[in-house]
Amino acid sequence: MTRDDVLAVFRECGAMLEGHFILSSGLRSPVFLQKAKVFQYPAQTEKLCKALAAKIHADGFGDVTKVVSPAIGGIIPGYETARHLNLPALYTERVDGKFELRRGFEIAPDDKVIVVEDIVSTGLSIRECVAALRDIGANVVAAACLIDRSGGEADVGVPLVSLIEYKVPAYPADQLPPELAAIPAIKPGSRGIQGVK
Ligand SMILES: O=P(O)(O)OC[C@H]1O[C@H](OP(=O)(O)OP(=O)(O)O)[C@H](O)[C@@H]1O
Ligand SMILES: O=C(O)c1cc(=O)[nH]c(=O)[nH]1
Ligand SMILES: [Mg+2]
């Protein structure tokens, strides 16, 4: 898939949002890629993740043995990419804000893990996921995402395979351009929202 093909899928699914968004990192942006609107369509998700799996092979990580994704956004693309790599798909989820591998998922010392994420902005979520996996002894060799909106600038601590790069502006909350400050901010993602008690 070309860069234009990938962006066209996001546009056609209504996933390219404009407004004032609070990102997972706390940064603010006039653009939000609402991947969930793409992932509601299995055929579109398959196309993107099949292409990502091919890129993971092409970039030299075809010998990975497990896919792990940071919940919630990473779960569907992680599963679908794993399907095309013929690998198990696991995920980490936040417990009191910190990623943990739960649900009986196991990673062996000889497993080579790739973290598959939906969108990268600052790379913070991948770094947190990698740290949680390394804490339990996992060998994380790479990460992958559908869209890297840092345009290749984010450092996730391991090599990053992105299906495409798409640079989008993001600002600290106290440095907003006036046109953004004029719009009420919304936070679409799951980091920091209250869970079930
Ligand atoms: O590179 P970063 O700066 O970490 O930003 C990208 C992260 O933000 C989103 O997750 P979010 O925490 O908003 O929740 P979600 O997974 O439920 O969408 C997205 O799924 C990535 O995990
Ligand atoms: O940085 C984020 O939180 C983020 C940006 C984006 O465009 N899409 C998304 O799901 N998360
Ligand atoms: Mg996420």
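Residues numbered from 1 in each chain as written. Chains lettered and ligands numbered in written order. Predicted model: local features only at pLDDT ≥ 70, side-chain atom pairs only at ≥ 80, totals over all residues. Heavy atoms only, no water.

**Quick word on the overall build of the protein**
Secondary structure summary: the protein contains 6 helices and 8 strands in total. Along the protein, helices and strands appear, N-terminal first, in the series α-β-β-α-α-β-α-β-β-β-α-β-β-α. Over its C-alpha trace the protein gives a radius of gyration of 16 Å, about what one expects of a compact globule, namely 16 Å for 197 residues. Expressed along its principal axes, the backbone C-alpha trace of the protein runs to roughly 50 × 40 × 30 Å. Evaluated residue by residue, the protein yields a buried proportion of 46% over its 197 residues. Considering only residue pairs separated by 6 or more positions, the protein has 64% of its internal contacts joining residues 24 or more positions apart. As displayed, the protein has an accessible area near 9,800 Å², and 52% of this comes from carbon and sulfur atoms. Positive and negative side-chain charges in the protein, numbering 22 and 24 respectively, have mean positions lying 3 Å apart. (Helix = DSSP H or I, 4+ residues; strand = E, 2+ residues; numbered from the N terminus. Rg over C-alpha atoms; globule rule 2.2 N^0.38 Å. Buried < 20%, exposed > 50% of the residue type's maximum accessible area, 1.4 Å probe, protein only. Contact = heavy atoms within 4.5 Å. Areas by Shrake-Rupley, 256 points an atom, 1.4 Å probe, with all protein chains shown as cover. Lys, Arg positive; Asp, Glu negative; His and termini not counted. Charge placed at Lys NZ, Arg CZ, Asp CG, Glu CD.)

**A few points about the UniProt feature "domain: Phosphoribosyltransferase" (unreviewed entry) in the protein**
In this structure's numbering, the residues bearing the UniProt feature "domain: Phosphoribosyltransferase" (unreviewed entry) are residues 45–155. From the first C-alpha to the last, residues 45–155 spans 26 Å; its make-up is 36% helix and 32% strand. (UniProt positions renumbered as here; feature names shortened; annotations may be inferred.)

**A closer look at the UniProt feature "binding site: orotate" (unreviewed entry) in the protein**
Under the UniProt annotation, the feature "binding site: orotate" (unreviewed entry) is placed at Ser-121 and Arg-149. For the annotated residues, spread through 29 residues, the largest C-alpha to C-alpha distance comes to 5.2 Å, consistent with a single compact locus. Tracing the backbone through its elements, the reader meets Ser-121 in the loop between strand S6 (112–120) and helix H5 (124–135). In contact with Ser-121, other than residues within four places in its own chain, are Leu-23, Arg-149, Ser-150 and Ala-154. Side chain to side chain, Ser-121 and Arg-149 meet in a polar contact 3.4 Å long. Structurally, the position occupied by Arg-149 is in the loop between strand S7 (139–148) and strand S8 (160–165). The exposure class assigned to Arg-149 is buried, which follows from its relative accessible area of 4%. When residues no more than four places from it in sequence are discounted, the contact partners of Arg-149 are Leu-23, Ser-29, Val-31, Phe-32, Leu-33, Ile-119, Val-120, Ser-121, Tyr-166, Lys-167, Val-168 and Pro-169. (Polar contact = N/O pair within 3.5 Å; in protein donor to acceptor, adjacent residues only side chain to side chain.)

**Comments concerning unusual backbone geometry**
The step from Ala-71 to Ile-72 runs through a cis peptide bond, and the omega angle for that step is 0°. Structurally, the position occupied by Ile-72 is in the loop between strand S3 (66–70) and helix H4 (75–85). At Asn-86, a residue that is not glycine, the phi angle is positive and equals roughly 55°. Take Asn-86: it is sitting in the loop between H4 and strand S4 (89–95). With a phi close to 50°, Asp-96 is a non-glycine residue in the positive phi region. Position of Asp-96 among the secondary structure elements: in the loop between S4 and strand S5 (98–101).

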